[in-house]
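Coordinate inspection notes
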Amino acid sequence: MSMFSPKLSRRRFLAVGGSVAAAAALGSGLKAVKAVADVQETKKVAGVSKHIASSCEMCVNKCGLIAHVVDGRVKKLNPNPKFFKSRAMLCARGNAGAEEPYNPERLTKPLVRVGERGEGKWKEISYEEAYVLLAKKLAEHKVKNDNRNSVAFISSEGFQEEIFHYLVQSYGSTNTVRHPTLCLSSVIQGWSSVYGVYPDADIRNSKFVLMFGSNRAEAIITPDTIDFQKNKPEGQKVVYLDPRFTNMAAKADKWYPVKPGTDLAFILGVINVIITENLYDAAFVEQFCDGFADLQAMIVPYTPEWAEKECEIPAAEIRWVAKEYAKAAPAAVVYPGRRTSWYVNDVYFRRACAILTAICGCWDVPGGICPKASVPVKNLDPLFPYFEKTDDRIDQASYGSVKNRMPKDARSAALPAAEVAYMGEKDGSWLRFRDSVLAEDPYKVDALVVYKQNFIEAVPNRAKTMEMLKKIDFMAVIDIQMTEVAYFADLVIPESTYLERWDSVHNLAGIQPIATFRQPAIEPVFGTKSMFEIAGGVINEMLKLPELWDDADPEEVEDFKLDVVEDIFAQPMQEYIKRQLADQPGAYEMMMKDGVFYLKEEATYGSTRTNPEFRFKTRTGKIELANVKYAEKGLHSLPLYERPRQPEAGKYRFILGRHGYNTHTGTQNNGFLWEIQKENQLWINTEEAKKLGIATGDYVKVTSAVGEQTVMVYATEKIRRDCVFYAHGYGRLSPQLSLVYKKGASQAAILEDYIEPISGNSAMHETFVSIAKA
């Protein structure tokens, strides 16, 4: 099947109503948000009014905001005009954050389970009782298993995650699992394997942007989303590949509905043209790159004609992209993206994107790919005791015995079978972690402490996650709402929302680096505590239990009491912030007043190109087109393409994507956002819907090898015939998320748990499903 045709170009979609639907969807959302803003703007506000500079936590971007507070209540959140990373913007979700402190279902008191797990029966306790209970449970599991790693700590990114990790290090487990292997670990690994770093794209100055599935019109990343919408330079061309016609496709100059799993074939075809037609930057390659001869030999068979047969994009279009990219270089980018957990060979695809950028010299120049710069913020980096009763990470200690789950095709045969080649030290690998816990290999993990990560709805194969929880004797969860993980926990500790607490300073590295923090706009509405206060309280109780310190050097424990307990947790967070900014005169005052700290607004380019002493963080010190360490590990030093398996007749590939309304599973129960999207819908091609006898508004059962969900149909031309899609965050199991409880369908419930074994990322576009009328 070839979907590409002039009849299905962007203009064709605009004509047949795709853009109308997209505009209507986006327009309805903006209208709802505008309505909220208008109500707040037009009310005559009386009472004591103040404006507090802080930063948003409704998604990962941490945009600057000014909270308008009247009589101790948040009336409105406005954008911070000095926060240039978000181009002085606050999006719909950011506006909706004003509801978070007052959400009627937020957690307000610590809870201990009194019924069966998942039965929803709780007893309220005090924070002090919660600290005592958690400290005793940590000691109990350390003694019972003679291994601190029997307790695993799970978290997601955020300003207080570093404080959570202070608690982890105070206990001494190395079993930490973070979010990257559900998100972007393959893109970090792929680009870092070429440049030694994970870079940014200078969208604002680029003449040509090649983008794969990063739906920036909806999946908001600042400043890129705003630059596409408002700051697109004259003449910039945007080429977008995605099996779906998203709002980003509507914004692009060309959209290619690429056959799923074949993006690597497309990019190899582009590289073939650039090398064989001598369109690359020979001088840059000669000075900065290593391995070009190997690449030149490898790329010969990957012609555009070969690529067309794989990816179903015409060879003439591949040639056009190659020539336009080379003509725009060095002000041209292959957009790295963020959530890149697609296929089992994803790192090879990301490497190919980085290689195309390199051979055209699009590195560290305006409009190209650039290394991230940072603001000078002091890393306090306190020392923690070394504990003897600590083992290796379970997802590494199980290498060789716990096998990686991968589909049976040629791609898997060329990848590690029972290990992760490059696992993040703190991140771990979620799928290997869960399989190792289930196997109890090589030891038992029977307790979890979780901060902000709702892994029941985030990790593929929800049924297997629930099986893992049967191995867990005790689980404590720190969060602001009763997520699924909290609902199945034994102890729940409420955290204050981001509008009620101090957060430490964080560097938002990038082409224009900026630092920000959080300060309370209001007092905690329900007397809740921050992670900083919770960690301090638990550590104080841990110090009362000698069995938690008997495998550490007593002198190190005494130093820990002074350096961590007294100097950090016994002080207010403001002192921590002062110490972070102590080396920069005026920085603390600037942060308190403006909510930001930076040295300059202008970007700096070229430091890695003009400094003769500069070495890339690679084995050769150069940009490695052929990676030296990969070859030593038995991996392919250059990007290897193998044809992916395709769904059999009657089945569809289930693909994921983001949108502008919600963030992962965290915001669907927000009342403002729920007004915009009340349940998710299954995108299915109109012709396929006709074959199945279903239409928009019908309900269908979506069935995979691991689960089944019921969801409403959205029949549309805006998706290939071999794919289906629905949004994340619905079909929830927690009754205390009542707006979305059992509404719509869960992704985690039907996704199979295949792994990309170079980075440890989940491969979330490898699931095939069948569709039947409900």
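Values in this document were obtained by computation on a predicted structure and should not be read as measured data. Position labels on residues start from 1 in each chain and follow its written sequence. Under the rules for a predicted model, residues below a pLDDT of 70 receive no local features and side-chain atom pairs below 80 are neither given nor counted, while totals for whole chains, interfaces and linings still include all residues. Computation of side-chain values covers all heavy atoms of the structure but excludes hydrogens and water.

1. Here's the deal with a negative patch on the surface
For clarity, the threshold we go by: Residues form patches when they are more than 30% accessible in relative terms and have no salt bridge. Like charges link within 9 Å. Nonpolar side chains (Val, Leu, Ile, Met, Phe, Trp, Tyr) link within 5 Å. Calculation of accessible area relied on Shrake-Rupley with a 1.4 Å probe; when residues are assessed, cover is drawn exclusively from the protein chains displayed. A carboxyl oxygen of Asp or Glu within 4 Å of a side-chain nitrogen of Lys or Arg is what we treat as a salt bridge. Charge convention: Lys and Arg are scored as positive, Asp and Glu as negative, and His as well as the terminal groups of each chain are ignored. Taken as the charge centre is NZ of Lys, CZ of Arg, CG of Asp or CD of Glu, depending on the residue. For helices the rule is a DSSP run of H or I covering at least 4 residues; for strands it is a run of E covering at least 2, with both sets numbered from the N terminus onward. Type-normalised accessible area, obtained with a 1.4 Å probe on protein chains alone, sets the label of each residue: buried when under 20%, exposed when over 50%, and partly exposed for intermediate values.
On the surface, Asp553, Glu555, Glu556, Asp559, Asp563, Glu566 and Asp567 cluster together into a patch of negative charge. Structurally, the position occupied by Asp567 is in helix 22 (residues 554-569). By relative accessible area, Asp567 is classed as partly exposed at 40%.

2. Overview of the pattern of salt bridges
If the charged atoms of two oppositely charged side chains come close together, the side chains can form a pair. Applying the stated criterion across every chain, the model contains 58 salt bridges. For Glu57, the salt bridge goes to Arg518, with nearest N and O atoms at 3.7 Å. Pair noted here: Glu57 is in the loop between strand 1 (49-55) and strand 2 (64-70) and Arg518 is in strand 19 (residues 514-518), with a separation of 461 residues, a long-range link. A relative accessible area of 1% means that Arg518 is categorised as buried. Here Arg148 and Asp551 are joined by a salt bridge, their closest N and O atoms 2.5 Å apart.

3. Topic: the nonpolar core
This is how it is decided: Nonpolar cores were defined as sets of buried Ala, Val, Leu, Ile, Met, Phe, Trp, Tyr and Cys residues, with membership established by side-chain atoms within 4.5 Å. Working rule for contacts: check all heavy atoms of both residues, and any pair within 4.5 Å makes them a contact.
Counting residues in hydrophobic clusters, the biggest one holds 148 residues, and the most contacted among them are Leu210, Phe266, Ile359, Leu448, Phe455 and Met475. With near-sequence residues (within four places) excluded, Met475 lies in contact with Arg117, Leu448, Val450, Phe455, Leu469, Val485, Phe488, Ala489, Asp490 and Leu491. Residues Tyr127, Tyr131, Phe384 and Val564 belong to the second largest nonpolar core, which totals 58 residues.

4. Let's talk about the packing of aromatic side chains
Keep this limit in mind: Note on aromatic pairs: the rings of Phe, Tyr and Trp (six-membered ring only in Trp) are paired at centre separations within 6.5 Å, and the planes decide the class, stacked below 30 degrees, edge-to-face beyond 60, tilted for the rest. Think of it as a cone above the ring: NZ of Lys or CZ of Arg counts as a charge over the ring if it is within 6 Å of the ring centre and within 35 degrees of the ring normal.
Counted according to the given criterion, the structure contains 36 aromatic pairs. Judged by centre distance (4.7 Å) and plane angle (35°), the rings of Phe284 and Phe288 are tilted. Here the residue Phe284 and the residue Phe288 both occupy positions in helix 10 (residues 282-288), the gap between them amounting to 4 residues, near one helical turn. The burial state of Phe284 is the same as that of Phe288; both residues are buried. Where Trp342 meets Tyr343, the ring centres are 6.3 Å apart and the plane angle is 80°; that geometry is what we call edge-to-face. The pair Trp342 / Tyr343 is uniform in exposure class, with both members buried. Clustering of aromatic rings is evident, with ring pairs tying together Tyr166, Phe384, Phe387, Phe532, Trp549, Phe560, Phe569 and Tyr576. Sitting over the face of the ring of Trp342, Arg350 holds its NZ or CZ atom 4.4 Å from the ring centroid. Sitting over the face of the ring of Tyr127, Lys529 holds its NZ or CZ atom 5.9 Å from the ring centroid.

5. Observations concerning the domain arrangement of the chain
Rule in force here: For the domain bounds, the source is a domain assignment made automatically or taken from a database. A quick way to say it: buried area is the sum, across both parts, of accessible area lost when two parts are put together, with a 1.4 Å probe. Each polar contact in these results corresponds to two N or O atoms within 3.5 Å; when the atoms are within protein, one needs to be able to donate a hydrogen and the other to accept it, and residues that are neighboring in sequence are counted only if both atoms are side-chain atoms.
Domain annotation of the chain identifies domain 1 (111-180 + 381-497 + 518-594), domain 2 (200-370 + 611-633) and domain 3 (651-773). Taken together, the contacts link 32 residues of domain 1 with 30 residues of domain 3. Each partner contributes to the roughly 2,700 Å² buried at the junction of domain 1 and domain 3, and carbon and sulfur atoms together form 54% of this total. Summed over the three residues of domain 1 that lose the most area to domain 3, namely Arg405, Glu457 and Arg462, the buried surface amounts to 25% of that side. Linking domain 1 to domain 3 there are 6 salt bridges. Across the domain 1-domain 3 interface, the total number found is 21 residue pairs in polar contact (both at pLDDT 80 or more).

6. Here's the deal with the environment of Asp490
On the secondary structure map, Asp490 appears in the loop between helix 20 (484-487) and strand 17 (491-494). Counting along the chain gives 21 residues from Asp490 to Leu469, while the straight-line C-alpha distance between them is 11 Å. Not counting the four nearest positions on each side in its chain, Asp490 is found in contact with Leu111, Val112, Arg113, Arg117, Trp122, Asp473, Phe474 and Met475. A polar atom in the side chain of Asp490 sits 2.5 Å from the side chain of Arg113. Among the polar contacts made by the side chain of Asp490, one reaches the main-chain amide nitrogen of Met475 at a distance of 2.7 Å.

7. Considering the packing of helix 9 (residues 263-276) against helix 14 (residues 346-359)
Worth spelling out the cut-off: Only the stretch in contact is used when fitting a helix axis, every axis being a line fitted to C-alpha atoms; angles between N-to-C directions are given from 0 to 180 degrees. Note on angle classes: values under 35 degrees are labelled roughly parallel, values over 145 roughly antiparallel, values of 65 to 115 roughly perpendicular, and the remainder oblique. Take the far helix as your reference; a near helix turned counterclockwise from it by less than a right angle gives a left-handed crossing, and one turned clockwise gives a right-handed crossing. Three categories are distinguished: nonpolar for Ala, Val, Leu, Ile, Met, Phe, Trp, Tyr, Cys and Pro, charged for Asp, Glu, Lys and Arg, and polar for the others, with Gly belonging to the last.
Contact geometry of helix 9 with helix 14 gives a least axis separation of 9 Å together with a crossing angle of 25°. One element, helix 9, and the other, helix 14, form an angle in the roughly parallel class. Judged by the twist between their axes, the crossing of helix 9 over helix 14 is left-handed. Residues Asp263, Leu264, Ile267, Val270, Ile271, Ile274 and Ile275 of helix 9 form the contact with helix 14, whose participating residues are Tyr348, Phe349, Ala352, Cys353, Ile355, Leu356 and Ile359. Split into classes, the residues belonging to the contact of helix 9 with helix 14 amount to 13 nonpolar, no polar and 1 charged.

8. Focus: the packing of helix 4 (residues 127-145) against helix 21 (residues 531-542)
Close contact between helix 4 and helix 21 brings their axes to 8 Å; oriented N to C, the two are set at 55°. Taken together, the axes of helix 4 and helix 21 are oblique relative to one another. Here helix 4 and helix 21 pass one another in a crossing that is right-handed. Between helix 4, through Tyr127, Tyr131, Val132, Leu134, Ala135 and Leu138, and helix 21, the contact on the second element is made entirely by Glu533, Ile534, Gly537, Val538, Glu541 and Met542. Looking at the contact of helix 4 with helix 21 residue by residue, the classes come out as 9 nonpolar, 1 polar and 2 charged.

9. Observations regarding unusual backbone geometry
Most peptide bonds take the trans form, and the phi angle of most residues other than glycine is negative. A cis amide bond, omega 0°, links Thr222 with the succeeding residue Pro223. Position of Pro223 among the secondary structure elements: in the loop between strand 9 (208-212) and helix 7 (224-230). Cis peptide bonds are those with omega within 30 degrees of zero, and the linkage from Ala329 to Pro330 qualifies with 10°. Secondary-structure assignment places Pro330 in the loop between helix 13 (315-328) and strand 13 (332-334). Of note, Asp71 is a non-glycine position whose phi angle comes to about 50°, a positive value. On the secondary structure map, Asp71 appears in the loop between strand 2 and strand 3 (73-79). Taking relative accessible area as the criterion, Asp71 reaches 54% and is therefore assigned exposed.

10. Description of the environment of Ala307
Structurally, Ala307 can be placed in helix 12 (residues 304-311). For Ala307, a relative accessible area of 0% puts it in the buried group. As for Ala307 and Ala265, which are separated by 42 residues in sequence, their C-alpha atoms are 5.3 Å apart. Discounting residues that sit within four places of it in the chain, Ala307 has contacts with Ala265, Gly269, Glu312 and Ile318.

11. Focus on the UniProt feature "domain: 4Fe-4S Mo/W bis-MGD-type" (unreviewed entry) in the chain
Applicable threshold: UniProt positions are given in the numbering used here, feature names are shortened, and annotations may be inferred rather than shown by experiment.
When the UniProt feature table is mapped to this numbering, "domain: 4Fe-4S Mo/W bis-MGD-type" (unreviewed entry) covers residues 49-105. Split by type, residues 49-105 is 9% helix and 37% strand. Its first and last C-alpha atoms lie 27 Å apart.

12. Structural notes on the state of the cysteines
In plain terms, the rule: The disulfide criterion used throughout: a pair of cysteine sulfur atoms within 2.5 Å.
Considering all chains together, one arrives at 0 disulfides under this definition. The thiol of Cys370 is unpaired, and the distance to the nearest cysteine sulfur, on Cys362, comes to 10 Å. On the basis of relative accessible area, Cys370 is assigned to the buried category, the value being 3%.

13. Some thoughts on helix 22
So the rule is basically this: Two axes enter the bend calculation: one fitted to the seven residues ending at the residue in question, the other to the seven starting there, and the bend is the angle between them.
A bend of about 30° at Phe560 is the largest found in helix 22. For helix 22, the full list of buried residues reads Val557, Phe560, Val564, Val565, Ile568 and Phe569. Tucked into the core, helix 22 has its buried residues touching helix 5 (161-171), helix 21 and helix 23 (573-580). Between a side-chain oxygen at the N-terminus of helix 22 and the backbone nitrogen of Glu555 the separation is 2.8 Å; the capping residue is Asp553.

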